[in-house]
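Spelled out, the chains give:
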Amino acid sequence: DQQVKQNSPSLSVQEGRISILNCDYTNSMFDYFLWYKKYPAEGPTFLISISSIKDKNEDGRFTVFLNKSAKHLSLHIVPSQPGDSAVYFCAASALIGANNLFFGTGTRLTVIP
Amino acid sequence: DTAVSQTPKYLVTQMGNDKSIKCEQNLGHDTMYWYKQDSKKFLKIMFSYNNKELIINETVPNRFSPKSPDKAHLNLHINSLELGDSAVYFCASSPPLQETQYFGPGTRLLVL
């Protein structure tokens, strides 16, 4: 039973344009959300996070939006760069310090030069 | 100065064998984890240890046994390997009261 879903397995975007990666969750107890980026043959690396008390968090080219009523979050990358090409995982946690992250299956982003 | 390291990086073995994967973190974190990423790319937690004590043990066959000799190490021993154990296994660690986890590079296990 997957509690975090990323329904788009892949996304292609032109360099310089916006990339929007989506994530849906089912557990209303989730209160902290993270995005990880993964290159081939490497482990996931933390990218950006958001607490449920916020609806937006921005870090440079990366912005995460949270819509709690829709149980939906998205990651925006602007402008997209070829080095952003990777698999992006959405993750969620039900309790700070519970140390239990639930991951989506990832979206492979390809940024075309 | 790798933060979370795993050995070996690749492991090819026969069904029925016993194997171990080692994990070490030099970040001074209290909590360490093992995840399994299966063929469908689903990344799922298997175990979590905090200061050498088991705190999360998801539904995993008891052929899998984690061992934490100290706070910086969490090893995974697998007995009687099966074909379905083929996957990428990731170790991770996190500081206290933070959700951000730092992952190792993964160990690609192939059971023949």
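A. Seen up close, the overall build of chain A. Counting secondary structure elements, chain A contains 0 helices and 11 strands. When its helices and strands are written in sequence order, chain A yields β-β-β-β-β-β-β-β-β-β-β. What you see for chain A is a C-alpha radius of gyration of 13 Å, in line with the 13 Å of a compact globule of 113 residues. C-alpha atoms of chain A, sized along the principal axes, occupy 40 × 30 × 20 Å. A buried classification covers 45% of the 113 residues belonging to chain A.

B. Structural view of the environment of K36(B). All names here are of chain B. Position of K36 among the secondary structure elements: in strand β4 (residues 31–37). With 10 residues separating them in the primary sequence, K36 and M46 have C-alpha atoms 6.7 Å apart. If sequence neighbours within four positions are ignored, K36 has contacts with F42, L43, K44, M46, G84, D85, A87, V88 and Y89. Only 3.2 Å separates the side chain of K36 from the backbone oxygen of G84, close enough to count as a polar contact.

C. Expanded view of the interface of chain B and chain A. Every contact between the two is made by 25 residues of chain B and, on the other side, 21 residues of chain A. Between chain B and chain A, roughly 1,800 Å² of surface is buried when both sides are summed, and carbon and sulfur atoms account for 57% of that area. When residues of chain B are sorted by the area they lose upon contact with chain A, F42(B), L43(B) and E99(B) head the list and together hold 33% of the total. Inspection of the chain B/chain A interface yields 0 salt bridges. Run the count over chain B and chain A and you get 1 residue pair in polar contact (both at pLDDT 80 or more). Those elements that provide at least two residues to the side of chain B that touches chain A are β4, β5 (43–50), β6 (53–57) and β9 (87–94) of chain B. Of the residues forming the side of chain B that touches chain A, the biggest block, 4 residues, is contributed by β4(B).

D. Here's a closer look at the state of the cysteines. Residues and elements named next belong to chain B. Taken as a whole, this structure holds 2 disulfides over all chains when the rule is applied. Here C23 engages in a disulfide with C91; their sulfurs sit 1.8 Å apart. Between C23 and C91, the S-S dihedral sits near -75 degrees, and the bridge is therefore left-handed. Linking C23 in strand β3 (residues 19–25) with C91 in strand β9, this pair joins segments that are 68 residues apart in sequence. A relative accessible area of 1% means that C23 is categorised as buried.

E. Structural view of the sheet that holds strand β7 (residues 62–67) of chain A. Residues and elements named next belong to chain A. With antiparallel pairing, 5 strands are arranged side by side in an open sheet as β1-β3-β8-β7-β6. Bordering the open sheet on either side are β1 (4–5) and β6 (56–59), each of which pairs with just one other strand. With 2 bridges joining them, β1 and strand β3 (residues 19–25) adopt antiparallel strand pairing. Looking at the pairing, K5 lines up with D24 of β3.

F. Spotlight on the environment of V12(B). Note on placement: V12(B) falls in strand β2 (residues 10–13). Residues in contact with V12(B), not counting those within four places in the same chain, are L110(B) and L112(B).

G. Up close: the confidence of the model for chain B. In the predicted model, chain B carries a mean pLDDT of 91, and 98% of its residues have values of at least 70. Across chain B, β3(B) holds the top mean pLDDT of 97, while β6(B) sits lowest at 78.

H. Molecular detail of the sheet that holds strand β8 (residues 73–78) of chain B. Residues and elements named next belong to chain B. Taken in spatial order, the 4 strands line up as β1-β3-β8-β7 in an open sheet, and their pairing is antiparallel. Two strands in the sheet have a free side with no partner beyond their single neighbour: β1 (4–7) and β7 (64–70). Taking each pair of neighbouring strands and ignoring which way they run, the sheet shows an average axis angle of 20 degrees. Pairing analysis gives 5 bridges linking β7 to β8, with the strands arranged antiparallel.

I. Inspection of the pattern of salt bridges at higher detail. As enumerated under the stated definition, the model contains 6 salt bridges over all chains in all. A salt bridge links K56(A) to E58(A), with the shortest nitrogen-to-oxygen separation between them at 4.0 Å. Put simply, R63(B) and E82(B) hold a salt bridge, and the shortest N to O gap is 3.5 Å. Note that R63(B) is positioned in the loop between β6 and β7 and E82(B) in the loop between β8 and β9, a separation of 19 residues in sequence. Judged by its relative accessible area of 13%, R63(B) falls in the buried class. What makes E82(B) partly exposed here is its relative accessible area of 41%. Several salt bridges share partner residues, and in doing so they unite K37(A), R61(A) and D84(A) into one network.

Here is what the cut-offs are and how they apply
Residues numbered from 1 in each chain as written. Chains lettered and ligands numbered in written order. Predicted model: local features only at pLDDT ≥ 70, side-chain atom pairs only at ≥ 80, totals over all residues. Heavy atoms only, no water. Helix = DSSP H or I, 4+ residues; strand = E, 2+ residues; numbered from the N terminus. Rg over C-alpha atoms; globule rule 2.2 N^0.38 Å. Buried < 20%, exposed > 50% of the residue type's maximum accessible area, 1.4 Å probe, protein only. Contact = heavy atoms within 4.5 Å. Polar contact = N/O pair within 3.5 Å; in protein donor to acceptor, adjacent residues only side chain to side chain. Buried area = accessible area lost by both parts, 1.4 Å probe. Salt bridge = Lys/Arg side-chain N within 4 Å of Asp/Glu carboxyl O. Disulfide = S-S within 2.5 Å. Pairing = 2+ DSSP bridges. pLDDT = per-residue confidence, 0-100. Axes fitted to C-alpha atoms, helices over the stretch in contact; angles between N-to-C directions.

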